[in-house]
Each structure stands twice: as C-alpha cells, then as structure tokens.
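Structural characterization, general
What follows is the residue order along each chain.
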Amino acid sequence: MIGAGISSQLVYFDICSLIILSIIFYSMIARKVVVGTSNVTFLILGLCIFITTFFDTVNALYSNHINFIFSYKNLKARYFFLYGYYVFRNLTLPVYEVYLLVISGGWSRFSKRRGLMFLFLLPYVILLLMIVGNMFFHNVFFVNETTYEYTRCHNAIYFYFIGIFYFLVGIIMLFRFRKVFPKDKYASLSTMLPFNIIAVIIQFTHPQYLVECFCTTSTFLLITFTVQRPEEKLDLRYGSYTVYAFKEDVIKHLTLKSKFSIILIGIKNYDVIKTILTQNDIEVFKRSFVDNLKLQRKNINYAGNIYYLGNGIFSIMSIKEGKNQTLLFSDDIKKSLENGIKIGKANINTSSSLCIVDCPKDFSDYDSLASFTTKFQNFFSDVEDIVELEKYSKHLNYKIKADLNNIISRGIKAHGFMIYYQPIYCVEKKKFISAEALIRLNDPKWGFVSPELFIAAAEKNGTILHIGKIVIEEVCKFISSEEFSKLGLEYIEINLSVAQCLQSDLVEMIAGLL
C-alpha cells in the first residue's frame, strides 16, 4: 500500500517502470532470448534500470516517512538504498554504451584498446570511490539523524560531471555508428540520451515527479520493439541466427572496417536428403546439424555466431578468432560431419564443403559476399579439403577468365548487366548534382563478375558496343523517370569505350533514345 502522504505522481512513474520491465524480462526468458552477447548485455542494461527504479521507489517512500521493508528511521537501510540507487543509476549509461558497442560490432576492437577502456571506466571507478568515501565522511550526501531528511553536499556535483562525461561518450558513439544501423533502429537507440536529459531537467525543477527511471524504461521498451527483435535475428526452430542477422552483421563489420572471418559450410547432398526425409525430419536434421556445430564450437571455445543461410548452407562468423584457430575449428567440423547427423535412431550421411572467407580482404561489400555464399560449392566442387578463399582466389579468377565469353553472352541474353549510380557531391553548391553510371554483371554461375575482367574481354570480342548500348539505354530511361526529377540531379556521367566514341551514329543514337 502507498501511504496517503504520497502524491500518486510521485512514485507511480516508478511503479509503471517496474511493471513494464518485469513484462519485458518475462518475455525474454519465455522466448529464450537470453543467450548471446547482445542479448546478455541488453538484459544487464534492463537489470540496471530495474534495480535503479526499485531503489528510487524505496527512497521516495522513505523520504515521505513511509515504512517499506524497514522503518524509514533505520539509517542503515536508508543509506543502503541511497547507495544502491547511485551505484546503479550511474552504471546505466556506461552499460548502454557497452550495448551500443556490442550490437554495432565494435566491442571486440574497443575491448582490446586498454587505454580507451581505462578512460571509459575511470569516471565510474571514481564515482564508486566517492560513494565508499561518503560512508566515512558524508561529503556527498547524508541523512539527518533527527529529521531523517536526505541532503546532498557540494561534492554531489561531481556525479553530474561524471554523468556529462558518459553523455558525451554516448554522443560520440552514436555519431560513429550512424551508418551501421538502419534509420529506425538508429532513431530508437538515439532516444536514450535526450530522454535522460529531459528527465533530469524535469526532476531537477520539479523534484516531486520521479520521471528519470520512467524515461529510461521508455527508451528500453522502444529498443526492445525496434532493435532487439528475436524474430528477425534468431531462428528458434534450429537455434541459429537468420539470413537477416547475417546480412546485418556483415554490413556492420564492413562499415566499421573490422576484420572478421566466415566459415561457410554447405551440404553437397542436401537435395538428396530432402527427397528421403519428411518435412518434419528435415527440420530435425537442421536442428541436429546446428547442435553439432555448437558442440564443436564449445569443445575448442571458438567465439562465433552460427547462421543458417538457406538451401543447406550454414555459416559461422567471428571477429575475435585468429586464422589458426579458425582452421582448427573448420577441421573439427569437417571430421565431425564425416560421421553423419543422427536423427533418432537413423544416421544421415552428409557430404560437405567448407570454405574460409576473410573480410574485408576477400570481399569488401555484402552483395558480392552474398552471391558467393550461394554458389561457393560450385566453384570448388572438385576440392575435398577445406578451402581458404585467399589461396584459391587466383585459381577462381582463372576459371572465370576462361569462361568470360560465355559469361558475357549469358549476361546480354538474360539481362544480367545492371546499372548502379555513384552520386557526385558539389562542394560549392553543397549538394549532389550528378552521378556516375557504373555497370555490373551478375552471372547465375559465378555471381558478381568484376568489370576489370569482363570489360577487357568485351573489348576483345566486340560485345563492348552492345554493352555500351545497354548502359546508354538504361541511363536514358533513368533520366526520363520521375525518380531522377525528385533527386534534383543535373546530369549523369557515362564512361564510353574507344570503340563507342568511333561510332559515326553515336550522337543520333543517344538523341533518339532521349
């Protein structure tokens, strides 16, 4: 019961926060999304907010001379709950910033930089020392032994300085990671700082309104709905991460220019397995396959997430492990798969292909990597050993070069040539005024083929004129579109080959298309 001496606005914000947080925790536990670094960090953040809110509620009751658990006259209890509030309230922002680092993929690099880690932790350590010192000197706050009133001292201002420090760190991190997250997720993550500032101002000017914890809880709830969405990232049927999570993680690491390795595991006889198993047994097979990967991962303590990419292809991504450890882990996986996958009493024999990809060395963009993951088994169908892509890349380019005439022919017939536009920014006008048209070739067998390979071959076999015409036609369509008008571009740049420039009817052809 809340005493009559308390305004409903005083503690009801905190009570609402406790209820909301309890529901979120129950939901996370019920859906079994409490494993994985990001989920654990998010859970710790929620616990910090919950404990802070609980202490804040009790302190409000005691300030209004309401007994709760202990008598408000019990000085030890008063100090315990006040210390608890300060410890966890000031821990919330640092944990939130660690969460930002974890979900952005930057934690691994940050944790290795001891100087930065020391600077990051130092203010909070100072705060803890001040709290310990207050137990003896009462130079931050004290509780009057006669009136039982809580009073802050001049040194309490240093707590605000520490809060400002972590606020500025948060701004720097959000600016650093602005291109890592989709706009909706970035907007949700960014609300933590302004919401806290608004809450501090409200509570400073109107102390009776305990809105700090409520505003923090509101941000936590928003992040739960928009960022921590397990249905997007986790496939609970198999216990692995999804293709969406794979794409998101790859783009994050590439944006931050992090070095990471990917182990691709393809089941060569997956189509055969699908014909002999029922739909339910196929689901059990995939689950058992993932469980087998998790067992091997645990045996050598390998730090990496497991993803199912579809069509019998799995991947394991790591930004922490070195090359030797990745090779050792890959070898263990291959040996374990040679024994087959057990489904009940049956043992399903599997034939697998394993390929190790180092990014951004092997792939510096997601589209090329995604295309490769669906076709890598075709590239190395004659290779039984574990493939290190770096060692086979020259061999792969040789195969593509040998097949370039067919690749170009397929691209022309099957509309495999695509146009991408690289925007060009004008410093004087302070806006994008044009774009450069870039041609790309996506082959059904080899995936994205580098222009450095197919353009030279097209110039030799004469198809460069046909390809050039495709570029001009597509650009003219784009210029005539409503989208071009909306973008406000003035012109599009086209790269012409020497052969095109020598065409006598080039001007007439372009005029006709326009």
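For the structure itself, look to the data block above.
Residues numbered from 1 in each chain as written. Predicted model: local features only at pLDDT ≥ 70, side-chain atom pairs only at ≥ 80, totals over all residues. Heavy atoms only, no water.

Things to note about the overall build of the protein
- Of the regular secondary structure elements, the protein holds 22 helices and 15 strands.
- The C-alpha radius of gyration computed for the protein amounts to 30 Å, which surpasses the reference 24 Å derived for 514 residues by more than 25%, pointing to a less compact arrangement than a globule.
- By principal-axis analysis of the C-alpha atoms, the protein measures approximately 100 × 70 × 40 Å.
- Within the protein, the fraction of its 514 residues that count as buried is 47%.
- Summarising the internal contacts of the protein: among those between residues at least 6 apart in sequence, 69% fall at separations of at least 24.
- Here the protein has roughly 27,100 Å² of accessible surface; of this, 61% comes from carbon and sulfur atoms.
- For the protein, the distance from the average position of its 53 positive side-chain charges to the average position of its 43 negative side-chain charges is 5 Å. (Helix = DSSP H or I, 4+ residues; strand = E, 2+ residues; numbered from the N terminus. Rg over C-alpha atoms; globule rule 2.2 N^0.38 Å. Buried < 20%, exposed > 50% of the residue type's maximum accessible area, 1.4 Å probe, protein only. Contact = heavy atoms within 4.5 Å. Areas by Shrake-Rupley, 256 points an atom, 1.4 Å probe, with all protein chains shown as cover. Lys, Arg positive; Asp, Glu negative; His and termini not counted. Charge placed at Lys NZ, Arg CZ, Asp CG, Glu CD.)

Quick word on the packing of helix α7 (residues 183-190) against helix α8 (residues 192-205)
- Direction vectors running N to C along α7 and α8 enclose 30°, while the axes themselves pass 5 Å from each other. By the angle between their axes, α7 is roughly parallel relative to α8. Each of Ser 188, Leu 189 and Ser 190 in α7 lies in contact with α8, whose residues at this interface are Met 192, Leu 193 and Pro 194. (Axes fitted to C-alpha atoms, helices over the stretch in contact; angles between N-to-C directions. Parallel < 35°, antiparallel > 145°, perpendicular 65-115°, else oblique.)

Describing the packing of aromatic side chains
- By the definition in use, this model includes 37 aromatic pairs.
- By way of ring pairs, the aromatic residues Tyr 79, Tyr 83, Tyr 85, Tyr 86, Phe 141, Tyr 150 and Phe 159 are connected into one cluster.
- Arg 178 extends its terminal NZ or CZ atom over the ring of Phe 175, reaching a point 4.0 Å from the ring centre. (Phe/Tyr/Trp six-rings, centres within 6.5 Å; stacked < 30°, edge-to-face > 60°. Lys NZ or Arg CZ within 6 Å of the ring centre and 35° of its normal.)

Describing the nonpolar core
- Counting residues in hydrophobic clusters, the biggest one holds 79 residues, and the most contacted among them are Tyr 96, Leu 189, Phe 246, Val 250, Ile 262 and Val 357.
- No other element matches helix α3 (residues 75-104), which puts 16 residues into this core.
- What Val 250 contacts, discounting residues up to four positions off in sequence, is Phe 260, Ile 262, Met 317, Tyr 366 and Leu 369.
- Core analysis: the next-biggest nonpolar cluster, separate from the first, contains 27 residues, Tyr 238, Ile 263, Leu 337 and Ile 386 among them. (Core = buried A, V, L, I, M, F, W, Y, C linked by side-chain atoms within 4.5 Å.)

Some words on the environment of Phe 260
- Relative to the elements of secondary structure, Phe 260 occurs in strand β5 (residues 260-267).
- Taking relative accessible area as the criterion, Phe 260 reaches 3% and is therefore assigned buried.
- Spatially, the C-alpha atom of Phe 260 lies 22 Å from that of Asp 385, the residues being 125 residues apart in sequence.
- Contacts of Phe 260, omitting those with residues within four sequence positions, involve Val 250, His 253, Leu 254, Met 317, Ser 318, Ile 319, Val 357, Asp 358 and Cys 359.

Topic: the environment of Lys 413
- If you trace the backbone, Lys 413 turns up in helix α17 (residues 404-413).
- Residue Lys 413 is classed as exposed on the basis of its relative accessible area, which comes to 67%.

Quick notes on the environment of Ile 51
- Inspection of the secondary structure assignment puts Ile 51 in helix α2 (residues 37-63).
- Judged by its relative accessible area of 26%, Ile 51 falls in the partly exposed class.

Here's the deal with helix α6 (residues 157-176)
- Spanning 20 residues, α6 covers 29 Å between terminal C-alpha atoms, matching the ideal 28 Å at 1.5 Å per step.
- Within α6, burial applies to Phe 159, Ile 162, Tyr 166, Val 169, Gly 170, Met 173 and Leu 174. Angularly, the buried residues of α6 cover 135° about the axis, an arc narrow enough to put them on a single face. Relative to its buried face, α6 has exposed residues pointing more than 90 degrees away, namely Ile 172 and Phe 175.
- Check the buried side of α6 and you find it contacts α3, α5 (114-137), α7 and α8. (Expected span 1.5 Å × (residues − 1). Arc of directions from axis to C-beta.)

Some words on a nonpolar patch on the surface
- Taken together, the side chains of Ile 157, Tyr 158, Tyr 160, Phe 161, Ile 164, Leu 168, Ile 171 and Phe 204 define a hydrophobic patch exposed on the protein surface, amounting to about 820 Å² of accessible area.
- Secondary-structure assignment places Tyr 160 in helix α6. (Patch = residues over 30% accessible without salt bridge, like charges linked within 9 Å, V, L, I, M, F, W, Y side chains within 5 Å. Salt bridge = Lys/Arg side-chain N within 4 Å of Asp/Glu carboxyl O.)

Describing the packing of α7 against helix α9 (residues 212-226)
- At a minimum axis separation of 9 Å, α7 and α9 run at an interaxial angle of 165°. As summarised for this structure, α7 and α9 are arranged roughly antiparallel, according to the angle between their axes. Note that α7 runs across α9; the crossing there is left-handed. Residues Lys 185, Ser 188 and Leu 189 of α7 form the contact with α9, whose own contacting residues are Thr 219, Leu 222, Ile 223 and Thr 226. (Left-handed = near helix turned anticlockwise from the far one by under 90°.)

Let's talk about the side chain of Ser 318
- Within the element layout of this structure, Ser 318 appears in strand β7 (residues 313-318).
- Ignoring sequence-local partners within four residues, the contact set of Ser 318 consists of Phe 260, Ser 261, Tyr 302, Ala 303 and Gly 304.

Considering the pattern of salt bridges
- One pass over the full model with this rule turns up 14 salt bridges.
- Among the salt bridges present, the one from Asp 235 reaches Arg 237, with a minimum N-O distance of 2.8 Å.
- On the basis of relative accessible area, Arg 237 is assigned to the exposed category, the value being 52%.
- The salt bridge partner of Lys 323 is Glu 388, with a shortest N-O separation of 3.7 Å. Residue Lys 323 is located in helix α14 (residues 323-337), and its partner Glu 388 is located in strand β11 (residues 387-388); the two are separated by 65 residues in the primary sequence.
- Relative accessible area serves as the criterion here: at 13%, Glu 388 is assigned to the buried category.
- Salt bridges sharing common partners tie together Lys 185, Lys 233, Glu 248 and Lys 252.

Concerning a positive patch on the surface
- A cluster of like positive charges, contributed by Arg 109, Arg 113, Arg 176, Arg 178, Lys 179 and Lys 257, occupies part of the molecular surface.
- Locating Lys 257 in the fold gives a position in the loop between α11 (243-255) and β5.
- Looking at Lys 257, the relative accessible area reads 69%, which means it is exposed.

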